[in-house]
Amino acid sequence: MKITDFSKPNAMEELVSRIAEDGWAVVDHFLPADSVKTLRKECMAAHREGGFHVAGIGRGGDFTVQEGIRSDEVMWLEPETDSASQKAYFTQLDQIKQQMNEQFFMGLNEFEGHFAIYNEGALYKKHLDAFRGQRSRVLTVVFYLNDDWASDDGGELRLYLDPNGESEIRDIMPIAGRAVIFMAERFWHEVLPACRDRMSITGWFKVRST
Ligand SMILES: O=C(O)CCC(=O)C(=O)O
Ligand SMILES: [Fe+2]
């Protein structure tokens, strides 16, 4: 699996062309290690303070909590945050947005995202992120905050590259500083259960709905 190293020169060009060509990309060192560490601390502190809620499926009147399908807890991020690390994350995302819009006319607009904690054993079964009939969520970005993640910890993001089948999959470990970016309407994916707590920021770029 090709991984773009964001600490190397020309990584941004490589990343945006991979998203444009393949529809998905994996990036390591998306933020400096100390920012990732701070984000992890902020995530844990907010959780301790009770800021999270059990995630659900669907929207508005269709919203339901179904722990057999999805069992993470989330807390939405505030765009006007005081946190320097959250600002650094938003700044990185903004660069990607600008490049995707300038080079590939993607029309990405606002970003909405949340911290997520998957407690030991939690999962998110195979799904698509874009709600049917709505074209607002176009690009998914998942960013991982987990130190020292080992291959037998589980918790991989399983990405299905073939929209019609299950043969072409990629299992991606949720290691600290790694981002996975993919087209929200195109890629089915799931979160496999882990044997330890798993933390991330998941979010979506939207296009203006007309
Ligand atoms: O945490 C991940 O790897 C993916 C999370 C996800 O699929 C979602 O929140 O929609
Ligand atoms: Fe998802």
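Read on for an overview of the structure. (Residues numbered from 1 in each chain as written. Chains lettered and ligands numbered in written order. Predicted model: local features only at pLDDT ≥ 70, side-chain atom pairs only at ≥ 80, totals over all residues. Heavy atoms only, no water.)

Topic: the overall build of the protein chain
Right, so step 1: For the protein chain, the count of helices and strands is three helices and 12 strands.
Right, so step 2: Relative to a compact globule of 210 residues, whose C-alpha radius of gyration would be 17 Å, the protein chain shows 16 Å and is just as compact.
Right, so step 3: Projecting the C-alpha coordinates of the protein chain onto the three principal axes gives extents of approximately 40 × 40 × 35 Å.
Right, so step 4: Split into buried and exposed, the 210 residues of the protein chain put 50% on the buried side.
Right, so step 5: In the protein chain, the share of contacts with a sequence separation of at least 24, taken over all contacts with a separation of at least 6, comes to 76%.
Right, so step 6: Of the roughly 10500 Å² of accessible surface on the protein chain, a fraction of 48% belongs to carbon and sulfur atoms.
Right, so step 7: Positive and negative charge centroids in the protein chain, built from 24 and 34 side chains respectively, lie 2 Å apart. (Helix = DSSP H or I, 4+ residues; strand = E, 2+ residues; numbered from the N terminus. Rg over C-alpha atoms; globule rule 2.2 N^0.38 Å. Buried < 20%, exposed > 50% of the residue type's maximum accessible area, 1.4 Å probe, protein only. Contact = heavy atoms within 4.5 Å. Areas by Shrake-Rupley, 256 points an atom, 1.4 Å probe, with all protein chains shown as cover. Lys, Arg positive; Asp, Glu negative; His and termini not counted. Charge placed at Lys NZ, Arg CZ, Asp CG, Glu CD.)

Describing the coordination of the iron ion (ligand 2)
Right, so step 1: Taken together, His 127 (NE2), Asp 129 (OD) and His 189 (NE2) make up the full set of protein donors to the iron ion (ligand 2), lying 2.0 to 2.2 Å away.
Right, so step 2: By relative accessible area, His 189 is classed as buried at 4%. (Donors = N, O, S within 2.8 Å, 3.2 Å for Na, K, Ca; no water.)

A few points about the sheet that holds strand 5 (residues 108-118)
Right, so step 1: In spatial order, the strands read 1-2-10-7-12-5-4-3; together these eight strands make up an open sheet with mixed pairing. This sheet does not close on itself; its edge strands, each paired only once, are strand 1 (4-5) and strand 3 (53-54).
Right, so step 2: With four bridges joining them, strand 2 (residues 24-28) and strand 10 (residues 179-183) adopt antiparallel strand pairing. For Val 27, the partnering residue across the bridge sits in strand 10 and is Ala 179.
Right, so step 3: Each of strand 1, strand 2, strand 7 (137-144) and strand 10 touches helix 1 (residues 11-22); the most contacted strand, strand 2, lies at about 155° to it.
Right, so step 4: Lying on the sheet, helix 2 (residues 33-48) is in contact with strand 4 (73-76), strand 5, strand 7 and strand 12 (198-207); it crosses strand 5 at an angle near 65°. (Pairing = 2+ DSSP bridges. Axes fitted to C-alpha atoms, helices over the stretch in contact; angles between N-to-C directions.)

Looking at the sheet that holds strand 6 (residues 124-127)
Right, so step 1: Strands sit in the order 6-11-8-9 across an open sheet of four strands; the sheet is antiparallel. For this open sheet the edge positions go to strand 6 and strand 9 (169-172), each flanked by a neighbour on one side alone. In this sheet, adjacent strand axes meet at a mean angle of 15° when their direction is disregarded.
Right, so step 2: In this structure, strand 8 (residues 157-160) lies alongside strand 9, joined through four bridges in antiparallel fashion. Residue pairing for strand 9: Tyr 160 is matched across the bridge by Ile 169.

Some thoughts on the site of ligand 1
Right, so step 1: Around ligand 1 sit 13 residues in total, of which His 127, Asp 129, Tyr 144, His 189 and Arg 198 are the nearest.
Right, so step 2: The contact in question runs from an oxygen atom of ligand 1 to an N or O atom on the side chain of His 189, over 2.9 Å.
Right, so step 3: Side-chain polar atom of Arg 198 to an oxygen atom of ligand 1: 2.8 Å apart, as the coordinates give it.
Right, so step 4: Protein chains bury 99% of the 290 Å² of accessible surface belonging to ligand 1 in isolation. (Near = heavy atom within 4 Å. Polar contact = N/O pair within 3.5 Å; in protein donor to acceptor, adjacent residues only side chain to side chain.)

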